[in-house]
Amino acid sequence: MDKVRPRVRHGRVKEPARILVVGGGYVGMYTALRLQRKLKRSEAQVIVVDPEPYMTYQPFLPEAAAGSISPRHVVVPLRRVLPRCQVVIGEVTTIDHAKRTAAVRTLATAEEGAGAIEIHYDELVLAPGSVSRTLPIPGLAEFGIGFKTVEEAIGLRNHVLEQLDIASSTRDPEVRDAALTFVFVGGGYAGVEALGELEDMARYAARYYHNLSPDDLKWVLVEATDRILPEVGEEMGQYAVRELRRRNIDVRLETRLDSCENRVVVLNDGTRLPTRTLVWTAGVKPHPLLAATDLPTNGRGRLSCTPALRLKDVDHAWAAGDAAAVPDVTSDEPDALCAPNAQHAVRQARVLADNIVATLRDQPLADYAHKYVGSVASLGLHKGVAHVYGRKLKGYPAWFMHRAYHLSRVPTLNRKARVLAEWTLSGLFKREIVSLGSLEHPRAEFELAAGTGRHPEAS
(Lines give C-alpha, C1' and ligand atoms only; values in the text may rest on other atoms or scores of the structure.)
Protein backbone atom coordinates (compact mmCIF):
# COMPACT_ATOMS: atom_id res chain seq x y z
CA MET A 1 0.00 0.00 0.00
CA ASP A 2 1.29 3.43 -0.87
CA LYS A 3 1.81 5.85 1.96
CA VAL A 4 -0.94 8.42 2.38
CA ARG A 5 0.75 11.78 2.73
CA PRO A 6 -0.50 15.10 4.13
CA ARG A 7 -1.97 17.65 1.78
CA VAL A 8 0.30 20.41 0.49
CA ARG A 9 -0.29 23.57 -1.42
CA HIS A 10 0.80 24.14 -4.99
CA GLY A 11 0.14 27.80 -5.51
CA ARG A 12 -3.56 28.20 -4.81
CA VAL A 13 -4.44 24.56 -5.29
CA LYS A 14 -4.95 22.52 -2.14
CA GLU A 15 -4.79 18.74 -2.27
CA PRO A 16 -7.69 16.83 -0.70
CA ALA A 17 -7.41 16.51 3.07
CA ARG A 18 -6.55 13.06 4.36
CA ILE A 19 -9.01 12.00 7.08
CA LEU A 20 -7.99 8.88 8.99
CA VAL A 21 -10.80 7.11 10.84
CA VAL A 22 -9.47 4.54 13.32
CA GLY A 23 -12.22 2.01 14.00
CA GLY A 24 -15.17 0.74 11.99
CA GLY A 25 -17.76 0.48 14.76
CA TYR A 26 -20.68 2.80 15.47
CA VAL A 27 -18.65 6.01 15.50
CA GLY A 28 -16.18 5.04 12.80
CA MET A 29 -18.70 3.77 10.28
CA TYR A 30 -21.32 6.49 10.82
CA THR A 31 -18.69 9.24 10.75
CA ALA A 32 -17.21 7.94 7.50
CA LEU A 33 -20.68 7.46 6.03
CA ARG A 34 -21.62 11.08 6.74
CA LEU A 35 -18.28 12.40 5.53
CA GLN A 36 -18.58 10.62 2.17
CA ARG A 37 -22.04 12.11 1.74
CA LYS A 38 -21.06 15.68 2.65
CA LEU A 39 -17.58 16.05 1.20
CA LYS A 40 -16.59 16.17 -2.43
CA ARG A 41 -13.72 14.02 -3.65
CA SER A 42 -11.75 17.20 -4.24
CA GLU A 43 -12.16 18.16 -0.58
CA ALA A 44 -11.08 15.03 1.25
CA GLN A 45 -10.06 11.40 1.12
CA VAL A 46 -11.42 9.27 3.97
CA ILE A 47 -9.41 6.24 5.11
CA VAL A 48 -11.09 3.79 7.52
CA VAL A 49 -8.89 1.29 9.38
CA ASP A 50 -10.37 -1.62 11.32
CA PRO A 51 -9.26 -5.21 12.02
CA GLU A 52 -12.59 -6.50 10.66
CA PRO A 53 -14.24 -5.76 7.29
CA TYR A 54 -17.59 -5.14 8.96
CA MET A 55 -19.36 -3.19 11.66
CA THR A 56 -21.16 -5.29 14.30
CA TYR A 57 -24.58 -4.15 15.50
CA GLN A 58 -24.06 -5.35 19.07
CA PRO A 59 -27.66 -5.03 20.38
CA PHE A 60 -28.54 -7.95 18.08
CA LEU A 61 -25.84 -10.28 19.44
CA PRO A 62 -28.17 -11.91 22.02
CA GLU A 63 -30.72 -12.72 19.31
CA ALA A 64 -27.97 -14.03 17.04
CA ALA A 65 -26.83 -16.27 19.90
CA ALA A 66 -30.39 -17.53 20.34
CA GLY A 67 -30.79 -18.19 16.61
CA SER A 68 -33.44 -15.53 15.96
CA ILE A 69 -31.14 -13.63 13.58
CA SER A 70 -28.53 -15.00 11.21
CA PRO A 71 -24.96 -13.96 12.17
CA ARG A 72 -24.32 -12.38 8.76
CA HIS A 73 -27.25 -10.02 9.27
CA VAL A 74 -25.83 -8.70 12.54
CA VAL A 75 -22.86 -7.24 10.68
CA VAL A 76 -22.65 -4.49 8.06
CA PRO A 77 -19.93 -4.78 5.36
CA LEU A 78 -17.82 -1.63 5.48
CA ARG A 79 -16.85 -1.69 1.81
CA ARG A 80 -20.49 -1.90 0.73
CA VAL A 81 -21.68 1.09 2.78
CA LEU A 82 -18.50 3.14 2.31
CA PRO A 83 -17.81 2.92 -1.44
CA ARG A 84 -16.16 6.36 -1.56
CA CYS A 85 -13.85 5.63 1.37
CA GLN A 86 -10.61 3.68 1.40
CA VAL A 87 -11.16 0.75 3.76
CA VAL A 88 -7.99 -0.79 5.19
CA ILE A 89 -8.35 -4.08 7.06
CA GLY A 90 -5.66 -3.88 9.67
CA GLU A 91 -4.76 -2.87 13.20
CA VAL A 92 -3.40 0.54 14.17
CA THR A 93 -0.52 -0.17 16.54
CA THR A 94 0.78 3.34 17.30
CA ILE A 95 -0.13 6.93 16.52
CA ASP A 96 2.30 9.86 16.45
CA HIS A 97 0.00 12.84 16.19
CA ALA A 98 2.90 15.29 16.31
CA LYS A 99 4.01 13.86 12.96
CA ARG A 100 0.45 13.06 11.84
CA THR A 101 1.27 9.42 11.22
CA ALA A 102 -0.24 6.08 12.23
CA ALA A 103 1.44 2.67 12.04
CA VAL A 104 -0.89 -0.02 10.68
CA ARG A 105 -0.33 -3.76 10.68
CA THR A 106 -2.31 -5.60 7.98
CA LEU A 107 -2.67 -9.20 6.81
CA ALA A 108 -0.32 -8.39 3.94
CA THR A 109 2.42 -7.11 6.23
CA ALA A 110 2.21 -10.35 8.18
CA GLU A 111 2.49 -12.44 4.99
CA GLU A 112 5.37 -10.34 3.71
CA GLY A 113 7.17 -10.41 7.04
CA ALA A 114 7.44 -6.65 6.82
CA GLY A 115 6.85 -4.03 9.45
CA ALA A 116 3.74 -1.93 9.82
CA ILE A 117 2.88 0.49 7.02
CA GLU A 118 2.75 4.20 7.78
CA ILE A 119 -0.33 6.26 6.99
CA HIS A 120 -0.11 10.04 7.03
CA TYR A 121 -3.18 12.12 7.72
CA ASP A 122 -4.44 15.69 8.17
CA GLU A 123 -7.45 14.96 10.42
CA LEU A 124 -7.63 12.04 12.86
CA VAL A 125 -10.82 10.41 14.13
CA LEU A 126 -10.18 8.00 17.00
CA ALA A 127 -13.01 5.52 17.44
CA PRO A 128 -11.45 2.16 18.32
CA GLY A 129 -14.21 1.44 20.83
CA SER A 130 -13.62 -0.68 23.91
CA VAL A 131 -12.60 -4.17 24.94
CA SER A 132 -13.84 -6.45 27.70
CA ARG A 133 -12.69 -5.44 31.17
CA THR A 134 -11.24 -8.51 32.82
CA LEU A 135 -9.94 -8.93 36.35
CA PRO A 136 -7.07 -11.05 37.71
CA ILE A 137 -9.44 -13.79 38.87
CA PRO A 138 -7.90 -17.28 38.95
CA GLY A 139 -9.12 -19.34 36.00
CA LEU A 140 -10.95 -16.50 34.22
CA ALA A 141 -8.49 -16.19 31.33
CA GLU A 142 -8.55 -19.97 30.78
CA PHE A 143 -12.28 -20.69 31.06
CA GLY A 144 -14.16 -17.40 30.60
CA ILE A 145 -16.26 -16.72 27.51
CA GLY A 146 -16.72 -13.14 26.29
CA PHE A 147 -19.81 -11.69 24.63
CA LYS A 148 -18.76 -8.67 22.59
CA THR A 149 -18.33 -9.94 19.03
CA VAL A 150 -20.48 -11.94 16.64
CA GLU A 151 -17.92 -14.73 16.74
CA GLU A 152 -18.25 -14.95 20.52
CA ALA A 153 -22.06 -14.91 20.29
CA ILE A 154 -22.22 -17.76 17.79
CA GLY A 155 -19.49 -19.65 19.62
CA LEU A 156 -21.52 -19.37 22.84
CA ARG A 157 -24.67 -20.63 21.09
CA ASN A 158 -22.79 -23.68 19.80
CA HIS A 159 -21.23 -24.21 23.22
CA VAL A 160 -24.59 -24.16 25.06
CA LEU A 161 -26.14 -26.66 22.65
CA GLU A 162 -23.07 -28.88 22.92
CA GLN A 163 -23.49 -28.93 26.70
CA LEU A 164 -26.98 -30.34 26.22
CA ASP A 165 -25.49 -33.06 24.03
CA ILE A 166 -22.87 -33.85 26.69
CA ALA A 167 -25.46 -33.97 29.47
CA SER A 168 -27.74 -36.18 27.43
CA SER A 169 -25.08 -38.74 26.59
CA THR A 170 -23.04 -38.97 29.82
CA ARG A 171 -23.64 -41.41 32.67
CA ASP A 172 -21.54 -39.41 35.11
CA PRO A 173 -23.85 -37.24 37.27
CA GLU A 174 -21.04 -34.75 38.02
CA VAL A 175 -20.31 -34.23 34.32
CA ARG A 176 -24.03 -33.87 33.65
CA ASP A 177 -24.56 -31.27 36.39
CA ALA A 178 -21.54 -29.23 35.28
CA ALA A 179 -22.70 -29.30 31.65
CA LEU A 180 -26.19 -28.09 32.63
CA THR A 181 -24.96 -25.22 34.83
CA PHE A 182 -24.53 -21.87 33.09
CA VAL A 183 -23.02 -18.92 34.97
CA PHE A 184 -23.14 -15.33 33.68
CA VAL A 185 -21.13 -12.62 35.45
CA GLY A 186 -22.34 -9.06 34.91
CA GLY A 187 -25.85 -7.63 35.21
CA GLY A 188 -25.67 -5.00 32.46
CA TYR A 189 -27.28 -5.15 29.02
CA ALA A 190 -24.94 -7.75 27.56
CA GLY A 191 -25.17 -10.21 30.45
CA VAL A 192 -28.90 -9.98 31.10
CA GLU A 193 -29.97 -10.03 27.45
CA ALA A 194 -27.61 -12.88 26.56
CA LEU A 195 -28.79 -14.89 29.55
CA GLY A 196 -32.46 -14.24 28.80
CA GLU A 197 -32.21 -15.22 25.13
CA LEU A 198 -30.02 -18.29 25.66
CA GLU A 199 -32.15 -19.58 28.55
CA ASP A 200 -35.19 -19.30 26.27
CA MET A 201 -33.38 -21.17 23.50
CA ALA A 202 -32.01 -23.93 25.77
CA ARG A 203 -35.38 -24.48 27.46
CA TYR A 204 -36.95 -24.92 24.03
CA ALA A 205 -34.16 -27.21 22.83
CA ALA A 206 -34.42 -29.45 25.92
CA ARG A 207 -37.76 -30.82 24.69
CA TYR A 208 -35.94 -32.65 21.91
CA TYR A 209 -33.76 -34.64 24.33
CA HIS A 210 -35.38 -37.81 25.69
CA ASN A 211 -33.58 -37.57 29.05
CA LEU A 212 -33.50 -33.80 29.66
CA SER A 213 -36.12 -31.38 30.90
CA PRO A 214 -35.94 -27.58 31.20
CA ASP A 215 -35.90 -27.93 35.00
CA ASP A 216 -32.58 -29.79 34.77
CA LEU A 217 -30.83 -26.66 33.52
CA LYS A 218 -29.38 -24.28 36.09
CA TRP A 219 -28.83 -20.63 35.16
CA VAL A 220 -27.00 -18.23 37.48
CA LEU A 221 -26.54 -14.47 37.12
CA VAL A 222 -23.84 -12.91 39.31
CA GLU A 223 -23.84 -9.14 39.83
CA ALA A 224 -21.51 -7.23 42.17
CA THR A 225 -23.93 -4.35 42.81
CA ASP A 226 -27.42 -4.37 44.33
CA ARG A 227 -29.27 -4.08 41.00
CA ILE A 228 -29.23 -5.15 37.36
CA LEU A 229 -29.90 -3.07 34.25
CA PRO A 230 -29.31 0.30 35.97
CA GLU A 231 -30.03 2.10 32.66
CA VAL A 232 -33.75 1.24 32.82
CA GLY A 233 -34.20 2.61 36.33
CA GLU A 234 -34.58 1.00 39.74
CA GLU A 235 -38.23 -0.03 39.39
CA MET A 236 -37.75 -1.75 36.02
CA GLY A 237 -34.51 -3.28 37.26
CA GLN A 238 -36.36 -4.86 40.19
CA TYR A 239 -39.04 -6.13 37.82
CA ALA A 240 -36.31 -7.72 35.68
CA VAL A 241 -34.95 -9.54 38.73
CA ARG A 242 -38.41 -10.85 39.60
CA GLU A 243 -39.02 -11.95 36.02
CA LEU A 244 -35.74 -13.83 35.84
CA ARG A 245 -36.29 -15.51 39.21
CA ARG A 246 -39.79 -16.51 38.14
CA ARG A 247 -38.08 -18.48 35.36
CA ASN A 248 -35.96 -20.27 38.03
CA ILE A 249 -32.87 -18.23 37.15
CA ASP A 250 -30.68 -17.78 40.22
CA VAL A 251 -29.93 -14.03 40.42
CA ARG A 252 -27.13 -13.28 42.91
CA LEU A 253 -26.91 -9.57 43.72
CA GLU A 254 -24.03 -8.01 45.69
CA THR A 255 -22.00 -11.09 44.85
CA ARG A 256 -18.58 -11.39 43.22
CA LEU A 257 -16.66 -14.09 41.43
CA ASP A 258 -13.62 -15.16 43.44
CA SER A 259 -12.24 -17.87 41.16
CA CYS A 260 -13.15 -20.34 38.43
CA GLU A 261 -10.19 -22.67 38.36
CA ASN A 262 -10.67 -26.25 37.16
CA ARG A 263 -14.15 -25.35 35.90
CA VAL A 264 -15.47 -24.66 39.41
CA VAL A 265 -16.98 -21.23 40.02
CA VAL A 266 -16.39 -19.95 43.54
CA LEU A 267 -18.38 -16.92 44.70
CA ASN A 268 -17.51 -14.62 47.57
CA ASP A 269 -20.46 -15.96 49.59
CA GLY A 270 -18.80 -19.39 49.61
CA THR A 271 -20.97 -20.95 46.89
CA ARG A 272 -19.18 -23.48 44.66
CA LEU A 273 -20.65 -24.23 41.25
CA PRO A 274 -19.05 -26.86 38.99
CA THR A 275 -19.75 -25.59 35.48
CA ARG A 276 -18.48 -25.82 31.93
CA THR A 277 -19.90 -22.40 31.01
CA LEU A 278 -18.76 -19.08 32.48
CA VAL A 279 -19.80 -16.02 30.47
CA TRP A 280 -18.00 -12.81 31.45
CA THR A 281 -19.84 -9.55 30.69
CA ALA A 282 -18.67 -7.43 33.63
CA GLY A 283 -18.01 -4.18 31.84
CA VAL A 284 -15.59 -2.77 29.29
CA LYS A 285 -12.46 -0.64 29.24
CA PRO A 286 -10.95 1.72 26.63
CA HIS A 287 -9.10 0.12 23.75
CA PRO A 288 -5.37 -0.51 24.47
CA LEU A 289 -4.46 1.56 21.40
CA LEU A 290 -5.13 4.75 23.35
CA ALA A 291 -2.13 4.05 25.56
CA ALA A 292 0.05 3.87 22.43
CA THR A 293 -0.63 7.48 21.38
CA ASP A 294 0.61 10.89 22.41
CA LEU A 295 -2.94 12.12 22.98
CA PRO A 296 -4.54 13.26 26.28
CA THR A 297 -6.62 10.83 28.33
CA ASN A 298 -8.55 11.12 31.57
CA GLY A 299 -8.09 9.09 34.74
CA ARG A 300 -10.00 6.15 33.27
CA GLY A 301 -8.01 5.95 30.08
CA ARG A 302 -10.59 7.59 27.80
CA LEU A 303 -9.64 10.44 25.47
CA SER A 304 -10.32 13.88 26.95
CA CYS A 305 -12.66 15.75 24.59
CA THR A 306 -14.38 19.10 24.29
CA PRO A 307 -18.15 19.30 23.74
CA ALA A 308 -17.36 19.75 20.03
CA LEU A 309 -15.74 16.26 20.10
CA ARG A 310 -12.26 17.62 19.46
CA LEU A 311 -9.49 16.41 21.75
CA LYS A 312 -8.61 18.92 24.46
CA ASP A 313 -5.68 21.16 23.57
CA VAL A 314 -5.03 19.15 20.39
CA ASP A 315 -5.76 20.34 16.86
CA HIS A 316 -6.91 18.07 14.05
CA ALA A 317 -7.80 15.17 16.37
CA TRP A 318 -11.35 14.03 17.16
CA ALA A 319 -12.98 11.25 19.17
CA ALA A 320 -16.38 9.91 20.21
CA GLY A 321 -18.04 6.78 21.53
CA ASP A 322 -16.61 4.37 24.09
CA ALA A 323 -13.06 5.68 23.68
CA ALA A 324 -13.98 9.30 24.40
CA ALA A 325 -14.77 11.23 27.58
CA VAL A 326 -17.31 13.69 26.17
CA PRO A 327 -18.80 16.34 28.48
CA ASP A 328 -22.57 16.00 28.92
CA VAL A 329 -23.72 19.59 28.46
CA THR A 330 -27.34 18.59 29.15
CA SER A 331 -26.59 17.39 32.69
CA ASP A 332 -27.01 19.54 35.79
CA GLU A 333 -24.08 17.79 37.45
CA PRO A 334 -20.68 19.43 37.01
CA ASP A 335 -18.08 17.44 35.06
CA ALA A 336 -20.72 14.91 33.94
CA LEU A 337 -19.75 12.76 30.94
CA CYS A 338 -21.88 11.10 28.28
CA ALA A 339 -22.42 7.40 28.93
CA PRO A 340 -20.41 5.12 26.63
CA ASN A 341 -23.38 3.56 24.85
CA ALA A 342 -24.68 3.16 21.30
CA GLN A 343 -27.33 5.87 21.69
CA HIS A 344 -24.70 8.54 22.27
CA ALA A 345 -22.17 7.03 19.84
CA VAL A 346 -24.45 7.22 16.80
CA ARG A 347 -25.49 10.79 17.53
CA GLN A 348 -21.95 11.88 18.34
CA ALA A 349 -20.79 10.53 14.99
CA ARG A 350 -23.09 12.92 13.15
CA VAL A 351 -21.85 15.95 15.07
CA LEU A 352 -18.25 14.81 14.71
CA ALA A 353 -18.54 14.44 10.94
CA ASP A 354 -20.28 17.81 10.61
CA ASN A 355 -17.55 19.49 12.67
CA ILE A 356 -14.81 18.02 10.49
CA VAL A 357 -16.63 19.33 7.43
CA ALA A 358 -16.95 22.71 9.14
CA THR A 359 -13.23 22.73 9.92
CA LEU A 360 -12.28 22.02 6.31
CA ARG A 361 -14.61 24.79 5.13
CA ASP A 362 -13.57 27.30 7.85
CA GLN A 363 -17.00 27.29 9.47
CA PRO A 364 -17.88 27.36 13.22
CA LEU A 365 -18.15 24.12 15.18
CA ALA A 366 -21.20 22.81 17.03
CA ASP A 367 -21.27 21.21 20.48
CA TYR A 368 -22.72 17.75 21.02
CA ALA A 369 -25.86 18.01 23.15
CA HIS A 370 -28.28 15.12 23.50
CA LYS A 371 -30.32 14.28 26.56
CA TYR A 372 -30.47 10.57 27.30
CA VAL A 373 -34.02 9.49 26.47
CA GLY A 374 -34.04 6.07 28.14
CA SER A 375 -33.32 2.43 27.48
CA VAL A 376 -34.94 -0.81 26.37
CA ALA A 377 -33.78 -4.34 27.19
CA SER A 378 -34.92 -7.79 26.14
CA LEU A 379 -35.31 -10.61 28.66
CA GLY A 380 -35.97 -13.29 26.06
CA LEU A 381 -38.72 -13.95 23.54
CA HIS A 382 -41.78 -11.71 24.20
CA LYS A 383 -40.27 -10.43 27.45
CA GLY A 384 -38.53 -7.13 28.19
CA VAL A 385 -38.30 -3.90 30.16
CA ALA A 386 -38.16 -0.30 28.98
CA HIS A 387 -37.90 3.18 30.44
CA VAL A 388 -38.23 5.67 27.58
CA TYR A 389 -39.19 9.36 27.78
CA GLY A 390 -40.29 8.83 31.37
CA ARG A 391 -42.63 5.96 30.48
CA LYS A 392 -42.11 2.50 31.95
CA LEU A 393 -43.04 -0.62 30.03
CA LYS A 394 -42.59 -4.29 30.76
CA GLY A 395 -43.40 -7.64 29.22
CA TYR A 396 -44.54 -7.87 25.62
CA PRO A 397 -44.88 -4.08 24.97
CA ALA A 398 -41.29 -3.51 26.15
CA TRP A 399 -40.03 -6.43 24.06
CA PHE A 400 -41.84 -5.09 20.98
CA MET A 401 -40.40 -1.61 21.57
CA HIS A 402 -36.94 -3.16 21.91
CA ARG A 403 -37.25 -4.80 18.51
CA ALA A 404 -38.83 -1.78 16.83
CA TYR A 405 -36.18 0.60 18.17
CA HIS A 406 -33.22 -1.50 17.13
CA LEU A 407 -34.72 -2.33 13.74
CA SER A 408 -34.96 1.41 13.10
CA ARG A 409 -31.33 1.90 14.14
CA VAL A 410 -29.58 -0.98 12.37
CA PRO A 411 -27.73 0.49 9.36
CA THR A 412 -28.86 0.10 5.73
CA LEU A 413 -32.25 -0.80 4.30
CA ASN A 414 -30.79 -4.12 3.21
CA ARG A 415 -30.10 -5.18 6.80
CA LYS A 416 -33.43 -3.88 8.07
CA ALA A 417 -35.32 -5.96 5.48
CA ARG A 418 -33.31 -9.11 6.17
CA VAL A 419 -33.71 -8.86 9.95
CA LEU A 420 -37.44 -8.21 9.64
CA ALA A 421 -37.79 -11.20 7.31
CA GLU A 422 -35.97 -13.46 9.76
CA TRP A 423 -38.13 -12.29 12.65
CA THR A 424 -41.24 -13.02 10.56
CA LEU A 425 -40.04 -16.50 9.64
CA SER A 426 -39.02 -17.31 13.21
CA GLY A 427 -42.55 -16.40 14.29
CA LEU A 428 -44.04 -18.82 11.77
CA PHE A 429 -41.69 -21.76 12.18
CA LYS A 430 -39.91 -23.56 15.01
CA ARG A 431 -36.53 -22.51 16.40
CA GLU A 432 -33.31 -23.89 14.94
CA ILE A 433 -31.50 -25.92 17.61
CA VAL A 434 -28.51 -27.19 15.63
CA SER A 435 -24.99 -26.64 16.93
CA LEU A 436 -22.40 -25.86 14.26
CA GLY A 437 -19.43 -25.96 16.59
CA SER A 438 -17.41 -27.78 13.94
CA LEU A 439 -17.25 -24.49 12.03
CA GLU A 440 -14.69 -23.35 14.60
CA HIS A 441 -12.38 -26.16 13.41
CA PRO A 442 -13.18 -26.46 9.68
CA ARG A 443 -10.08 -28.51 8.82
CA ALA A 444 -10.58 -31.11 11.55
CA GLU A 445 -12.28 -33.67 9.28
CA PHE A 446 -9.67 -33.26 6.54
CA GLU A 447 -6.82 -33.58 9.03
CA LEU A 448 -8.40 -36.79 10.32
CA ALA A 449 -8.59 -38.15 6.78
CA ALA A 450 -4.98 -37.16 6.17
CA GLY A 451 -3.88 -38.84 9.37
CA THR A 452 -2.58 -35.63 10.92
CA GLY A 453 -5.40 -34.91 13.34
CA ARG A 454 -8.11 -36.49 15.45
CA HIS A 455 -11.85 -36.67 15.12
CA PRO A 456 -13.50 -33.31 15.96
CA GLU A 457 -15.73 -34.97 18.56
CA ALA A 458 -12.62 -35.93 20.50
CA SER A 459 -11.40 -32.35 20.83
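Just above sits the structure.
Residues numbered from 1 in each chain as written. Predicted model: local features only at pLDDT ≥ 70, side-chain atom pairs only at ≥ 80, totals over all residues. Heavy atoms only, no water.

Asks: It is not clear to me how the packing of aromatic side chains should be interpreted in this structure. Could you clarify?
Replies: Two aromatic rings, taken as a pair, are described by how far apart their centres are and by the angle between their planes. One pass over the structure, following the stated rule, counts 8 aromatic pairs. Seen in terms of ring centroids, Tyr396 and Trp399 are 5.3 Å apart; in terms of plane orientation they differ by 45 degrees. Their pairing is tilted. Residue Tyr396 and its partner Trp399 are both found in helix H11 (residues 396-409); the two are separated by 3 residues, about one turn of the helix. Assessed through its relative accessible area of 45%, Tyr396 is described here as partly exposed. (Phe/Tyr/Trp six-rings, centres within 6.5 Å; stacked < 30°, edge-to-face > 60°. Helix = DSSP H or I, 4+ residues; strand = E, 2+ residues; numbered from the N terminus. Buried < 20%, exposed > 50% of the residue type's maximum accessible area, 1.4 Å probe, protein only.)

Asks: Help me understand a nonpolar patch on the surface in this model?
Replies: On the surface, Leu425, Leu428 and Phe429 cluster together to form a nonpolar patch covering roughly 360 Å² of accessible area. Here Leu428 shows up in helix H12 (residues 413-428). Taking the relative accessible area as the measure of exposure, Leu428 reaches 63% and is therefore exposed. (Patch = residues over 30% accessible without salt bridge, like charges linked within 9 Å, V, L, I, M, F, W, Y side chains within 5 Å. Areas by Shrake-Rupley, 256 points an atom, 1.4 Å probe, with all protein chains shown as cover. Salt bridge = Lys/Arg side-chain N within 4 Å of Asp/Glu carboxyl O.)

Asks: Teacher, can you tell me more about the pairing of strand E14 (residues 218-222) here?
Replies: Sheet faces and side chains relate simply in a regular strand, where the side chains alternate between the two faces. Burial analysis of E14 places 4 of its 5 residues in the buried class, the great majority of the element. Relative to E14, strand E13 (residues 181-185) runs parallel, the two sharing 5 bridges. What sits directly across from Val183, in E14, is Val220. Viewed along the sheet, the connection from E13 through helix H8 (residues 189-205) into E14 turns out right-handed. Inspection of the sheet shows E14 paired to strand E15 (residues 249-252) by 4 bridges, in the parallel sense. Within E15, the residue paired with Val222 across the bridge is Arg252. Handedness of the crossover joining E14 and E15 through helix H9 (residues 234-246): right-handed. (Pairing = 2+ DSSP bridges. Right-handed = clockwise from strand over helix to strand, strands pointing away.)

Asks: Is there a simple way to explain the nonpolar core in this structure?
Replies: Nonpolar side chains tend toward joint burial in soluble globular proteins. The biggest cluster of nonpolar side chains holds 118 residues, and the ones touching the most others in it are Ile19, Phe184 and Trp219. Broken down by element, the residue count for this core peaks at 9 residues, all from helix H10 (residues 342-360). With residues near it in sequence (within four places) discarded, Ile19 still touches Leu35, Leu39, Ala44, Gln45, Val46, Ile47, Glu123, Val125, Ile356 and Leu360. Counting 14 residues, the second-largest nonpolar core is a separate cluster that includes Leu140, Val183, Val185 and Cys260. (Core = buried A, V, L, I, M, F, W, Y, C linked by side-chain atoms within 4.5 Å. Contact = heavy atoms within 4.5 Å.)

Asks: What am I meant to see in the sheet that holds E13 here?
Replies: Sheet strands associate in pairs through backbone hydrogen bonding, adopting either a parallel or an antiparallel arrangement. Pairing within the open sheet is parallel, and its 5 strands lie in the order E12-E19-E13-E14-E15. Two strands close off the open sheet at either side, each with one partner strand: strand E12 (144-145) and E15. The sheet strands contacting helix H6 (residues 150-169) are E12, E13, E14 and strand E19 (277-280), and the helix crosses E19 at an angle near 160 degrees. Contacts from H8 reach E13, E14 and E15 within the one sheet, and its direction differs from that of E14 by about 175 degrees. (Axes fitted to C-alpha atoms, helices over the stretch in contact; angles between N-to-C directions.)

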